[in-house]
Amino acid sequence: MRLITHNMLSCNIKGVSNGFPLKIEAEKVIEKEVDFNPNFLRHMFAKIEWKALVEAARSMGYAELPEDSPDATVIESADETFFRKLHHALLELHLEEGALVCPETGRKFPVNKGIPNMLLHEDEV
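Read on for a plain summary of the structure.

### Details of the nonpolar core
By size, the foremost hydrophobic cluster in this structure holds 35 residues, and its most contacted members are Leu53, Leu86 and Leu100. The element that contributes the greatest number of residues to this core is helix α5 (residues 80-92), accounting for six residues. Ignoring anything within four residues of it in the chain, the contact list for leucine 86 reads Leu41, Phe45, Trp50, Leu53 and Leu65.

Structure representation (structure tokens):
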């Protein structure tokens, strides 16, 4: 599971009001090379929850992203180094095995072979 996917997932258990961001418990992280496209990154930047991305990347062993989100106006003139780091975090880091944990309930959603299982139990719907 890529971090771009993680950045859009939340816990949907009935009664949960703070289900984002899901914490990552990484058992196995792999890197898969993806073609670099700075225009895609510029477009996606506004949709990304920066703090959640930085926390997720760090939980997977990648600490190259700045703590504070760059200003949206700076993104248009950002250098390639920044976009390469963002590209690597969003698209090349894959959570292969582990779990996503609801920040409110502590419920663990397993990730096997890169696929998160977000199905809820009957009492959670």
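### Things to note about the pattern of salt bridges
Scanning the model with the defined rule gives five salt bridges in all. As a salt-bridge pair, lysine 108 and glutamate 25 come within 3.0 Å of each other at their nearest N and O atoms. Separated by 83 residues along the polypeptide, lysine 108 in strand β3 (residues 108-112) and glutamate 25 in strand β1 (residues 23-31) bring together distant segments of the chain. A relative accessible area of 46% means that lysine 108 is categorised as partly exposed.

### Thoughts on α5
For α5, every residue scored as buried is listed here: Phe82, Phe83, Leu86, His87, His88, Ala89, Leu90, Leu91 and Glu92. Along its buried surface, α5 packs onto α1 (3-6), β1, α2 (38-45), α3 (50-59), α4 (72-75) and β2 (93-101).

### Some points on the pairing of β2
For β2, the tally of buried residues reaches eight of nine residues, placing the bulk of the element in the interior. Of the strand pairs in this sheet, β1 and β2 are connected by eight bridges, and their pairing is antiparallel. What sits directly across from isoleucine 30, in β2, is histidine 94. Two elements, β2 and β3, share four bridges in a ladder whose sense is antiparallel.

### Quick look at the environment of asparagine 37
Among the structural elements, asparagine 37 can be located in the loop between β1 and α2. Sequence spacing of asparagine 37 and phenylalanine 109 is 72 residues, and the spatial spacing of their C-alpha atoms is 31 Å. A distance of 3.1 Å separates a polar atom in the side chain of asparagine 37 from the backbone nitrogen of asparagine 39. A polar side-chain atom of asparagine 37 sits 3.1 Å from the main-chain amide nitrogen of phenylalanine 40.

The rules behind each value
- Residues numbered from 1 in each chain as written.
- Predicted model: local features only at pLDDT ≥ 70, side-chain atom pairs only at ≥ 80, totals over all residues.
- Heavy atoms only, no water.
- Core = buried A, V, L, I, M, F, W, Y, C linked by side-chain atoms within 4.5 Å.
- Buried < 20%, exposed > 50% of the residue type's maximum accessible area, 1.4 Å probe, protein only.
- Helix = DSSP H or I, 4+ residues; strand = E, 2+ residues; numbered from the N terminus.
- Contact = heavy atoms within 4.5 Å.
- Salt bridge = Lys/Arg side-chain N within 4 Å of Asp/Glu carboxyl O.
- Pairing = 2+ DSSP bridges.
- Polar contact = N/O pair within 3.5 Å; in protein donor to acceptor, adjacent residues only side chain to side chain.

On their own, these measurements won't tell you what the molecule is for.
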